[in-house]
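Listed here are the chains, written in short residue letters.
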Amino acid sequence: MASPGLGKPSNPSRRIPRLPLALLLFLAGSFPGGTAVPYNRQCATWLENSCAMNSDPVKEWNKLVRKSFRGQEHAVEMVGKAFKISTYLEDNPTFLHFSGPTGVGKSFLAQLLAQAVFKYPSCGFLQLQMSIMMKQVNQTEQNRMVERYLLRPIADQLAMCPNSIIVIDEIQFLDDEFLRRLKGFFDVLHPEVMCTTGPNEHRRISTRGAFFIVTSDLDTKAKQLSPNMEIHAADKIIRELARGVWGDQNHMASMATLVPFLPLSKAQLVQIAQSQLEYLQELVQEVLTDKVSKTAKMTMVTMDWIGSLRFAEDLPSKIVESQREKTNRFGARPIKHYIQINVYPLAIEIADELMEKGSKSQEKSVGWFKKTSQLSSLSPYIPSPWRKVYILNDVEITIRNGDEFQYYLEVMSGDHKRKSDPFPKDEL
């Protein structure tokens, strides 16, 4: 699912494994100094290039942003330009610094880049979480942490997928000396990374094709940035904060790499809540597809819900208002969490009722499907009945008693032009 905050999660159907990307990113174990996504063995296959790229990443990026992202127009524009340059014009590592409050879409925008570039985004995406403990160690311990939580995971990732999207979160916890260890990644002549442990120890691995994003929240007291301020003013404030943390010469404050993210306005939060609610329809369809695939017997069956999901126009505003105190501190994350807990579980109940009581229209034909047995060499294909079922009912979501969400299945009228006989249970 989407990272908390901006828009609805994009379709995960092409991912391997079939889990929401945001969940995959946090399946790694926690360490004292930070968290890293480990080497994904499911990405290594002899059958297909695990780092396979989409045919037109820029087109895919534009489509994903329109569908799944809300707000931060200036950041989207800056990232889009850098993405085009890195895709078509330059053969050097790209580096951007996303800086802004928690829960405004920094990590999510990076995840959309991975989805735009790769057929299997989880294989081409590495997210590393920094910790305040990294500021409180001596030189020897710092060297160990750099190796364990930065150099080795990045080297292992790029050895598997040279064009990876690599995100280093919460760099405000890294001091200037720590950050200097990263400069070799972006060297103009020989951009590379080398670790001293693990399967790639002492190998010089090029970073030339990688896209690096670091994120920070420098306005820790949330007093200097505001939703409606001019972007150049936000840029100036963040660069001044960056100089205060790392000094005047540090490249984290560079105008060429800094991408400011502003706090979200109430209107943007309402848009995000609406988009998260709309995603329930995609979840219902996923549950339907899963249930049909597990229960179909003699017939090849597909089931599509072509009705609509409806909810009161003021429902997104009510959700935002109920989470107001939390959004002031954590941006859109509380909204996403609230809808996940209170609304998304309805997808299973809605799918069950649509299958059982929904009004359906169906198409029948015969398709040719490959045999599972190789005993016959006469023909590898056999004819098989095929049925495509459409569920026509609309579903309405309502809320009562605070956090209690309910749904209502629209009853189709008898003269509906697409209404048909009930779906035969003996084929499921």
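Residues numbered from 1 in each chain as written. Predicted model: local features only at pLDDT ≥ 70, side-chain atom pairs only at ≥ 80, totals over all residues. Heavy atoms only, no water.

Draft legend 1. Local environment of the overall build of the protein chain. When helices and strands are counted, the protein chain shows 12 helices and 14 strands. Each of the 428 residues in the protein chain was classed as buried or not, and the buried ones make up 51%. Long-range contacts, defined as pairs at least 24 residues apart, comprise 76% of the intrachain contacts of the protein chain with a sequence gap of at least 6. Total accessible area on the protein chain is roughly 21800 Å²; 52% of this is exposed by carbon and sulfur atoms. (Helix = DSSP H or I, 4+ residues; strand = E, 2+ residues; numbered from the N terminus. Buried < 20%, exposed > 50% of the residue type's maximum accessible area, 1.4 Å probe, protein only. Contact = heavy atoms within 4.5 Å. Areas by Shrake-Rupley, 256 points an atom, 1.4 Å probe, with all protein chains shown as cover.)

Draft legend 2. Molecular detail of the nonpolar core. Residues Trp 61 and Ile 397 are the most contacted members of the largest nonpolar core, which totals 71 residues. Residues Tyr 149, Phe 178, Leu 179 and Phe 185 belong to the second largest nonpolar core, which totals 39 residues. (Core = buried A, V, L, I, M, F, W, Y, C linked by side-chain atoms within 4.5 Å.)

Draft legend 3. Molecular detail of the packing of helix H8 (residues 266-295) against helix H11 (residues 333-342). Packing of H8 against H11 leaves a shortest axis separation of 10 Å and a crossing angle of 25 degrees. With respect to H11, the element H8 is oriented roughly parallel. Between H8 and H11 the crossing geometry is right-handed. On H11, the residues that touch Leu 269, Ala 273, Gln 276 and Leu 277 of H8 are Ile 335, Lys 336 and Ile 339. For the contact of H8 with H11, the residue count by class is 5 nonpolar, 1 polar and 1 charged. (Axes fitted to C-alpha atoms, helices over the stretch in contact; angles between N-to-C directions. Parallel < 35°, antiparallel > 145°, perpendicular 65-115°, else oblique. Left-handed = near helix turned anticlockwise from the far one by under 90°. Nonpolar A, V, L, I, M, F, W, Y, C, P; charged D, E, K, R; others polar.)

Draft legend 4. Structural context of the pairing of strand E13 (residues 395-400). Pairing geometry for strand E10 (residues 309-311) and E13, over 3 bridges, is parallel. Bridged to Arg 310 within E13 is Glu 396. Taken together, the 6 bridges between E13 and strand E14 (residues 404-409) define a ladder with antiparallel strand orientation. Bridging from a neighbouring strand, Ile 397 pairs with Tyr 407 of E14. Two successive antiparallel strands, E13 and E14, enclose a turn made up of 3 residues, where Asn 401 displays a positive phi of approximately 50 degrees. (Pairing = 2+ DSSP bridges.)

Draft legend 5. Seen up close, the packing of helix H2 (residues 57-68) against helix H3 (residues 73-89). Contact geometry of H2 with H3 gives a least axis separation of 10 Å together with a crossing angle of 165 degrees. On the basis of the axis angle, H2 is roughly antiparallel to H3. Like other packed secondary-structure pairs, H2 and H3 cross with a definite hand, here right-handed. Where H2 approaches H3, its residues Pro 57, Val 58, Trp 61 and Val 65 are matched on the opposing element by Val 76, Val 79, Gly 80, Phe 83, Lys 84, Thr 87 and Tyr 88. Split by residue class, the contact of H2 with H3 holds 8 nonpolar, 2 polar and 1 charged.

Draft legend 6. Structural view of the confidence of the model for the protein chain. Summary statistics for the protein chain give a mean pLDDT of 79 and a share of 76% for residues scoring 70 or more. Counting interchain partners and residues more than four positions distant, the pLDDT-below-50 stretch residues 371-378 has 5 contacts. Confidence drops under pLDDT 50 across residues 414-428; counting only partners more than four residues distant or on other chains, this segment forms 40 contacts. (pLDDT = per-residue confidence, 0-100.)

Draft legend 7. Representation of the packing of aromatic side chains within the structure. A full pass over the atoms with the stated rule returns 7 aromatic pairs. On the basis of an interplanar angle of 25 degrees and a centroid distance of 5.9 Å, the ring pair of Phe 69 and Phe 108 is categorised as stacked. With Phe 69 in the loop between H2 and H3 and Phe 108 in helix H4 (residues 106-117), this pair connects stretches of sequence that are 39 residues apart. The exposure classification of Phe 69 matches that of Phe 108, with both residues buried. Ring centres of Phe 185 and Phe 212 lie 5.4 Å apart, and the angle between their planes is 25 degrees; on these two criteria the pair is classed as stacked. In this pair, Phe 185 sits in the loop between helix H6 (176-180) and strand E5 (192-193) while Phe 212 sits in strand E7 (residues 211-216), placing the two residues 27 residues apart along the sequence. No difference in accessibility class separates Phe 185 from Phe 212, as the two residues are buried. Within the aromatic cluster, the residues linked to one another by ring pairs are Trp 61, Phe 83 and Phe 211. (Phe/Tyr/Trp six-rings, centres within 6.5 Å; stacked < 30°, edge-to-face > 60°.)

Draft legend 8. Expanded view of the state of the cysteines. Per the stated rule, a full pass over the model turns up 1 disulfide. Shown here is the disulfide that connects Cys 51 with Cys 161, its sulfur atoms set 1.8 Å apart. Taking the sign of the S-S torsion, 50 degrees for the link of Cys 51 and Cys 161, the bridge is right-handed. Of the two residues, Cys 51 is situated in the loop between strand E1 (35-36) and H2 and Cys 161 in the loop between helix H5 (139-160) and strand E4 (165-169); the sequence distance between them amounts to 110 residues. Per residue, the accessibility class of Cys 51 equals that of Cys 161, and both read buried. (Disulfide = S-S within 2.5 Å.)

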